[in-house]
Amino acid sequence: MVSLSQLMENEVFMAFASYTTIVLSKMMFMSTATAFYRLTRKVFANPEDCAGFGKGENAKKYLRTDDRVERVRRAHLNDLENIVPFLGIGLLYSLSGPDLSTAILHFRLFVGARIYHTIAYLTPLPQPNRALAFFIGYGVTLSMAYRLLKSNLYL
Amino acid sequence: MVSLSQLMENEVFMAFASYTTIVLSKMMFMSTATAFYRLTRKVFANPEDCAGFGKGENAKKYLRTDDRVERVRRAHLNDLENIVPFLGIGLLYSLSGPDLSTAILHFRLFVGARIYHTIAYLTPLPQPNRALAFFIGYGVTLSMAYRLLKSNLYL
Amino acid sequence: MVSLSQLMENEVFMAFASYTTIVLSKMMFMSTATAFYRLTRKVFANPEDCAGFGKGENAKKYLRTDDRVERVRRAHLNDLENIVPFLGIGLLYSLSGPDLSTAILHFRLFVGARIYHTIAYLTPLPQPNRALAFFIGYGVTLSMAYRLLKSNLYL
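Each chain has its residues counted from 1, running along the sequence as written. Chains and ligands are labelled sequentially in the order written, the chains with letters from A and the ligands with numbers from 1. Local features are withheld for residues below a pLDDT of 70 in this predicted model, meaning they are given only at 70 or higher, and side-chain atom pairs are given and counted only at 80 or more; totals for whole chains, interfaces and linings count all residues. Values reported for side chains reflect all heavy atoms of the structure, with hydrogen atoms and water molecules removed beforehand.

1. Examining the confidence of the model for chain A
Let me state the cut-off plainly: For every residue, the predictor assigns a confidence score, pLDDT, that lies between 0 and 100.
Predicted confidence across chain A gives a mean pLDDT of 87, with 95% of residues reaching 70 or more. Interface predicted TM-score (ipTM) for the complex: 0.87; the corresponding pTM is 0.90.

2. Brief notes about the interface of chain C and chain B
When the parts of a complex come together, some accessible area is lost, and that lost area is often taken as the interface size. Rule in force here: The criterion used for residue contact is that any of the two residues' heavy atoms lie within 4.5 Å. Buried area: the sum, over both parts, of the accessible surface (1.4 Å probe) that disappears when the two are put together. Counted as a polar contact is a pair of N or O atoms within 3.5 Å, where, for protein atoms, one must be capable of donating a hydrogen and the other of accepting one, and residues adjacent in sequence contribute only when both atoms are in side chains. By definition, any uninterrupted DSSP run of H or I lasting at least four residues is a helix, any uninterrupted run of E lasting at least two residues is a strand, and each is numbered from the N terminus. Under the scheme applied here, ten amino acids are nonpolar (Ala, Val, Leu, Ile, Met, Phe, Trp, Tyr, Cys and Pro), four are charged (Asp, Glu, Lys and Arg), and all others, including Gly, are polar.
Listed by partner, the interface residues are 40 residues for chain C and 34 residues for chain B. When the two sides are added together, the surface that chain C and chain B hide from each other amounts to roughly 3100 Å², 70% of it contributed by carbon and sulfur. Taken together, the connections running from chain C to chain B amount to nine residue pairs in polar contact (both at pLDDT 80 or more). Taken together, the elements giving at least two residues each to the side of chain C that touches chain B come down to helix H1 (6-9), helix H2 (11-41), helix H4 (67-95) and helix H5 (100-122) of chain C. Counting residues per element, the side of chain C that touches chain B draws most heavily on H2 of chain C, which supplies 18 residues. The class makeup of the residues in the side of chain C that touches chain B is 25 nonpolar, 10 polar and five charged.

3. Comments concerning the UniProt feature "transmembrane region" (unreviewed entry) in chain A
Residue and element names in this part refer to chain A. Here is the rule we go by: UniProt positions are given in the numbering used here, feature names are shortened, and annotations may be inferred rather than shown by experiment.
Those residues carrying the UniProt feature "transmembrane region" (unreviewed entry) are residues 12-37, 83-111 and 131-149 in this numbering. With 100% helix and 0% strand, residues 12-37 has its two end C-alpha atoms placed 38 Å apart. Span residues 83-111 is 86% helix and 0% strand, its end C-alpha atoms 9 Å apart.

4. Some thoughts on helix H4 (residues 67-95) of chain A
All names here are of chain A. Under the convention used in this document: Expected span of a helix: the number of residues minus one, times 1.5 Å. Note on exposure labels: buried denotes an accessible area under 20% of the residue type's maximum, exposed denotes more than 50%, and partly exposed covers the range between, all computed with a 1.4 Å probe on protein chains only.
Taking 1.5 Å per residue as the helical rise, H4 with its 29 residues ought to reach 42 Å, and the 42 Å between its terminal C-alpha atoms agrees with that figure. Taking burial as the measure, the 29 residues of H4 include 25 buried ones, the bulk of the element. Positive phi appears at Gly-97, one or two residues downstream of H4, with a value of about 75 degrees.

5. Observations regarding the relation of the copies chain C and chain B
Here is the rule: The copies are overlaid by a least-squares fit using only the C-alpha atoms of residues whose pLDDT is at least 70 in both copies.
The transformation that overlays chain C on chain B combines an axial shift of 0.0 Å with a rotation of 120 degrees, and the residual RMSD is 0.0 Å. Put plainly, the chains are arranged around a three-fold axis. Comparing interface residues between copies, only 18% of those in chain C also sit at the interface in chain B, which points to a heterologous contact through distinct surfaces.

6. Quick look at the packing of aromatic side chains
Residues and elements named next belong to chain A. Filter applied, for reference: For this analysis, a ring pair means two rings from Phe, Tyr or Trp (six-membered ring only for Trp) whose centres lie within 6.5 Å, classed as stacked if their planes differ by under 30 degrees, edge-to-face if by over 60, and tilted for the remaining angles. In this scheme, the term charge over a ring applies when either NZ of a lysine or CZ of an arginine sits within 6 Å of the ring centre and within 35 degrees of the ring normal.
Tallied over the entire structure, the rule returns 32 aromatic pairs over all chains. Members of the aromatic cluster, each reached through a chain of ring pairs, are Phe-13, Phe-16, Tyr-19, Phe-86, Tyr-93, Phe-107 and Phe-110. The residue whose ring lies beneath Arg-130 is Tyr-121, and the NZ or CZ to ring-centre distance is 4.1 Å.

7. Focus: the relation of the copies chain A and chain C
For the pair chain A and chain C, the relating rotation is 120 degrees, the translation along its axis is 0.0 Å, and the fit reaches an RMSD of 0.0 Å. Each copy contacts the other with its own distinct surface, as only 18% of the interface residues of chain A are interface residues in chain C too.

8. Some words on the packing of H2 of chain C against H4 of chain C
All names here are of chain C. What counts, and what does not: Interaxial angles span 0 to 180 degrees and are taken between N-to-C directions of axes, which are lines fitted to C-alpha atoms, for helices over the stretch in contact. Note on terminology: angles under 35 degrees are roughly parallel, angles over 145 are roughly antiparallel, angles of 65 to 115 are roughly perpendicular, and the others are oblique. The sense of a crossing depends on the near helix, which, turned anticlockwise from the far helix by less than a right angle, makes the crossing left-handed and, turned clockwise, makes it right-handed.
Where H2 meets H4, the axes come as close as 10 Å, and the angle between the chain directions of the two elements is 165 degrees. Relative to H4, the element H2 is oriented roughly antiparallel. As H2 runs across H4, the sense of the crossing is left-handed. Each residue belonging to the contact of H2 with H4 can be placed in one class, and the counts come to 18 nonpolar, six polar and six charged.

9. Some words on unusual backbone geometry
For the peptide bond that leads from Gln-127 of chain B to Pro-128 of chain B, omega is 10 degrees, which places it in the cis range. Of note, the amide linkage connecting Thr-123 of chain C to Pro-124 of chain C takes the cis form, showing an omega dihedral of -15 degrees. Tracing the backbone shows Pro-124 of chain C in the loop between H5 and helix H6 (129-152). Despite not being glycine, Lys-42 of chain B has its phi angle at roughly 50 degrees, a positive value. Counting through the fold element by element, Lys-42 of chain B comes out in the loop between helix H2 (11-41) and helix H3 (57-60). Residue class for Lys-42 of chain B comes out partly exposed when judged on its relative accessible area of 31%.

10. What about the side chain of Arg-114 of chain A?
Relative to the elements of secondary structure, Arg-114 of chain A occurs in helix H5 (residues 100-122). Dropping the residues within four chain positions of it, Arg-114 of chain A is found in contact with Val-23, Lys-26, Asn-78, Asp-79, Asn-82 and Phe-134 of chain A.

11. Some remarks on empty space enclosed by the protein
Worth spelling out the cut-off: In the cavity and pocket records, a cavity denotes points on a 1 Å grid over the protein atoms alone where a 1.4 Å probe fits but cannot get out, a pocket denotes an open set with protein on both sides within 12 Å along at least 5 of 7 lines, and lining residues are residues with an atom within 4 Å of a point. Grid points are joined across faces, edges and corners, and a volume is the space filled by probe spheres set on the points.
Counted under the stated rule, the structure contains two cavities of 30 Å³ or more. One number sums up the size of the second largest cavity: a volume of about 150 Å³. If you go around the second largest cavity, you meet 15 residues; those closest to its centre are Leu-87 and Leu-91 of chain A, Leu-87 and Leu-91 of chain B together with Leu-91 of chain C. Going through the elements one at a time, H4 of chain A, helix H4 (67-95) of chain B together with H4 of chain C are the ones with two or more residues in the lining of the second largest cavity. Grouping the constituent residues of the lining of the second largest cavity by class yields 12 nonpolar, three polar and no charged.

Quick look at the structure:
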């Protein structure tokens, strides 16, 4: 019987696993950033979350929105919208036997672009920093989708 | 040693890879649609995005919401909420050795339903067009989940 | 030639498939919960959705937001933000040859924590019930990411 570990002996797959784990961990950091700003700025979405900051009507004043919190939430949602396609298309692309150096170039560009996108969104840096980071990640995913469909289309 | 390419010699897996790549690319198109409406209608969420449209207070008037932009964003979020379960459950279902024609029927129905859902949401078509598209995609994913758990439950 | 079914003969992978299918089905239930509250409370986001409840201006009064609906939607988005990293990191972790009992402990804790998170969010239970559920799921995913990168880092 063949061991499953052969998947992890495949260099493209190992590289995909490493870069994906890094970019998903980065995305998870956005939850911590949201929690940080909610607690330090006392901005909450649920009555039960601000019960510790006062009784009754006094607590309700913390049920509000805040520019900083909304900015982190938009960055988080943009991550979701872009990392989910990378996860699906990248996994299938990695299994389709691409050239190692081409694959790693795709993964590095994507992860670098998404990290820069977060920095540009949270600082915030002036445009077109964030737009550029977005389009590099978007282009990398489309490039993998194109290569995958070109060599493996089966409808 | 066994080559990884055997995965891509499996017809169910190749079909899953093709349909998933198409539906994820369709989801990515929603980002472009949002950007298109934001730019043509001058509706932005971040001060740095409308800096090019005027100085100071003059630019701030573009920090607003718009029915059309919000509609695209809801369609995008609905895609995420439904394509993520399809991605996970469909991948595992594809690896569980299903019948090829049954599997392809599932994939085709799902991708067709999600494309129709987007058309129904963005046009917009009267209900129950969108509701029907939603429930077909939802039912397909649940059907794959049921088949997967029935043959491979291991808790 | 080696059959694909070997993947499903791997106990860790079968366990991952089962727990993932359960937690993704749970996430899909949130769509039904949103639809339930929207219909019973007559709270809609799209004009075409409330066309059946009245004509013209009479229908527009149902285009509103509702605390209960917004709560379900926040719970759903939190699911997405946390289940997507579990899906990606958990899949790669399962393929990296972990110890079976350690892997199952991770999966059980995550799925249990996310189910409890939903109960705590929708009831709602007083804090720190929801926060605790969130951090258990978060910690489990980070633990899998750490184990994966420690044994398979390839950049």
